[in-house]
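So the chains spell out like this:
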Amino acid sequence: MHDLLDKVVLDEGRRNVGRVDGVVLELRPGAAPVVSAFEIGGRVWARRLHGRIARWAVAFGRRWPALGNGVTRFAMRDVRTIGITVSVKRDGRPTPALAWENWLREHVISRIPGA
Amino acid sequence: MKRCRRVIGWITLPLLIACGGNDPSAQVERAGSWAATTRELAIERRVGAIGRAYTSDMLDAGRREVQKVAQSLKPSDLPETLRARVPAAVGRLDSVIASTASAVQRGDAVALGAAAADANALGDTLRILRAALRVK
Amino acid sequence: MKRILDLTLGIVTSIGGFLEAGSIITAVQAGAVFGYKLLWTIALGTLGLMLLVEQSGRLAAVTGRTVGDALRERFGINFFIIPLVTGLLVSFLVLASEIGGVSLALQMATGISFQWWAMPVAFAGWFLLWKGNFGVVEKGSSLLGLVTIVFIVAALKLHPDWGRVGAGLLPTSPDHDGPRYWYLAVSIIGASISPYLYMFYSSGAVEDGWGTDDLSTNKATAVIGMSFGGVLSAAVLIIAALVFLPRGIQVDRYEQAGLLLPPVLGHTGFVLFLASLGIACFGATTEITLAMAYLLAQGLGWDWSENAKPKQNARFSLMYTVTILLAGVVMAAGIDPLKLTNFSMMLTAASLPVTVIPMFVLMNDEALVGEHRNRWFSNAALGVLSIVTIVVLFSAVPLQILGGS
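Throughout what follows, the structure given in this document is the object of discussion. (Residues numbered from 1 in each chain as written. Chains lettered and ligands numbered in written order. Predicted model: local features only at pLDDT ≥ 70, side-chain atom pairs only at ≥ 80, totals over all residues. Heavy atoms only, no water.)

**Some details on the overall build of chain B**
When you go through chain B residue by residue, the secondary structure sums to five helices and zero strands. If you list the helices and strands of chain B from N to C, you get α-α-α-α-α. Every one of the 136 residues in chain B was classed for burial, and the buried ones make up 40%. Of the accessible surface of chain B, which amounts to about 7,400 Å², a share of 58% is contributed by carbon and sulfur atoms. (Helix = DSSP H or I, 4+ residues; strand = E, 2+ residues; numbered from the N terminus. Buried < 20%, exposed > 50% of the residue type's maximum accessible area, 1.4 Å probe, protein only. Areas by Shrake-Rupley, 256 points an atom, 1.4 Å probe, with all protein chains shown as cover.)

Now the structure itself:
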């Protein structure tokens, strides 16, 4: 698990998707829990910080849903390699993790000359 | 929330004490520094080493700072023997800065030279007064 | 041949980038009040910075991770949030004071108040970041920053008593005005060891694609470059000690520093002081803005690269745009530049443990840096530095109250 957390995630096109903000554990009866997926999102790492901060993050996401980034989940079977970075087999561009990046690029940054 | 307010109070109280409690010797030292600054401004302006805008701005700033010193010096803070001399010196400094400023405006090199000398003398006076205050 | 060129460039950029609003005015204040007595703090700060720069460069060259990356990856978000928040807050105030520095230089040159210059300066900085790439930003402002060599020329021209200068390099306690002495000592440390400097450096190393064969260049750049920078700060202090102290001029307003060089170098001195102040602070403006954006982007996993076009790192570009313009607004609002600079130096010094101590862990982590981890000497020095930063942290609040104006 600690091999995974906080590492940079690259998609199939070697594009930067974000960082592993949290992991999803699958609880199996009679066996050790196993990491079934990992997640990317502000809400996710807020949860790791402190309960109260996490609640603010969720409330923030609910009040301004457009501003929140949503949670992007990658199952462990989507993972190609784990090294200094984590490579996944999917395309990161349509995921919520890059929603803000894409939106800003189209609607704000590109409008400014010289971008 | 109440605890927040108390903490803020604890922090600001010493800050207020520190800012309010300016001892007169430090204030006189500040005035002396501005006398020296005025002298230097007059000297450098006279030879054209520094710009006119800069000199005027600095002299304006100097007057404001010296007036602040004058206002903060309360007679009760000063020992009796200096109670008249210190404010008088600070007051004279204010007028010297003012006449330096007008000399700069007129471009009057002679007046600038005189102003530098006045400021120099005042600087010495203030230095002596400061030493006297620190002894008390 | 390329190695020598790289080295020269590295040293040159380090010299040009060292002086900024804080290091200049703290050195002037120190020299004007205490003569050479505070030279040891400049030496201490420079040594500390040298250490941190070399290590952050080594980290980047060996692992390909910047300090921001490494802080998040090695310590997790729970810890990372602390250097992130403190780093951004403190750097923002320093950034505002740098914009103030450029604006003041323009005010002193034109007579137009610095408040009017703040937004144009911020826009100019933004423009350079938007259109330029890392090389242009770093090398451009640093080469121009060589104008600061005027301080060395002036200091030499004043023929200081080198014996007494040397004596100032040994730590002594003050014979008057204790709180103010230690206040300035701490501020100088904060001005010398600005965290943005060594964090920026590691990002630069990654942008330039450093590898393990660049390690000796890194070491030389760190040692020689930072030494030169320290010499520059020391020169400013020496000039203040020989020009301001005997005349009894103390610094109440930042602009009084304009009188530093005219007695030595006449009108040329005045012009070159303004140029030095303006250029040095402008360079710092762009560097700090980038450093803040790097820290946030790297920590949260966004694309970040000054070499790439803004379109390719939308969040990163937006971050630095908002940051620099907001800092401009702060100065346009008319905050006293001297008070802000002094305060932000103090704050920087107090926040040092948060980034220095983790470097200790990072540079000894065999899994991370392997055989390039710290030798005992670096560790000993870093350890001493860490203790100094903790002492500084605990003394910062009382000093700000007692010694600050």
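**Here's the deal with the overall build of chain C**
Across its full length, chain C carries 16 helices and zero strands. Computed over the C-alpha atoms, the radius of gyration of chain C is 20 Å, within 12% of the 22 Å expected from 2.2 N^0.38 for a compact globule of 405 residues. Principal-axis analysis of the C-alpha atoms places the extent of chain C at approximately 55 × 50 × 45 Å. In chain C, which comprises 405 residues, the proportion classed as buried is 62%. Within chain C, contacts between residues at least 6 apart in sequence are counted, and of these 83% link residues at least 24 apart. Here chain C has roughly 13,800 Å² of accessible surface; of this, 70% comes from carbon and sulfur atoms. Here chain C contributes 21 positively and 23 negatively charged side chains, and the mean placements of these two sets differ by 1 Å. (Rg over C-alpha atoms; globule rule 2.2 N^0.38 Å. Contact = heavy atoms within 4.5 Å. Lys, Arg positive; Asp, Glu negative; His and termini not counted. Charge placed at Lys NZ, Arg CZ, Asp CG, Glu CD.)

**Points about the interface of chain C and chain A**
When the parts come together, some accessible area is lost, and that loss is often what is quoted as the size of the interface. Across the contact, 27 residues belong to chain C and 27 residues belong to chain A. Interface of chain C and chain A: buried area, both sides summed, is about 2,300 Å²; carbon and sulfur atoms make up 55% of it. The interface formed by chain C and chain A includes five salt bridges. The salt bridge involving A:Glu101 is made with C:Arg315; its shortest N-O contact spans 2.7 Å. Of all elements in the fold, only α4 (67-110), α5 (114-131), α12 (262-300) and α13 (314-332) of chain C reach the threshold of two or more residues within the side of chain C that touches chain A. (Buried area = accessible area lost by both parts, 1.4 Å probe. Salt bridge = Lys/Arg side-chain N within 4 Å of Asp/Glu carboxyl O.)

**Regarding the interface of chain C and chain B**
If you look at the interface, chain C gives 21 residues, while chain B gives 26 residues. Both sides together, the interface formed by chain C and chain B hides about 2,000 Å², and carbon and sulfur atoms give 57% of it. The tally of links from chain C across to chain B stands at three salt bridges. B:Glu65 is paired through a salt bridge with C:Arg253; the nearest N and O atoms lie 4.0 Å apart. There are nine residue pairs in polar contact (both at pLDDT 80 or more) connecting chain C and chain B. Of all elements in the fold, only α4 and α12 of chain C reach the threshold of two or more residues within the side of chain C that touches chain B. When residues of the side of chain C that touches chain B are assigned to their parent elements, the largest contribution, five residues, is made by α12(C). For the side of chain C that touches chain B, the residue count by class is seven nonpolar, 10 polar and four charged. (Polar contact = N/O pair within 3.5 Å; in protein donor to acceptor, adjacent residues only side chain to side chain. Nonpolar A, V, L, I, M, F, W, Y, C, P; charged D, E, K, R; others polar.)

**Description of the sheet that holds strand β3 (residues 22-26) of chain A**
Residues and elements named next belong to chain A. Pairing in this open sheet of three strands is antiparallel, and the strands run β3-β4-β5 from one edge to the other. Here the strands that pair on one side only, and so sit at the sheet edges, are β3 and β5 (72-75). Across the sheet, the mean angle from the axis of one strand to that of its neighbour is 30 degrees, orientation sign disregarded. Relative to β5, strand β4 (residues 34-40) runs antiparallel, the two sharing four bridges. Looking at β5, one finds that Glu39 is bridged to Arg73. (Pairing = 2+ DSSP bridges. Axes fitted to C-alpha atoms, helices over the stretch in contact; angles between N-to-C directions.)

The values are spatial; any link to function lies outside them.
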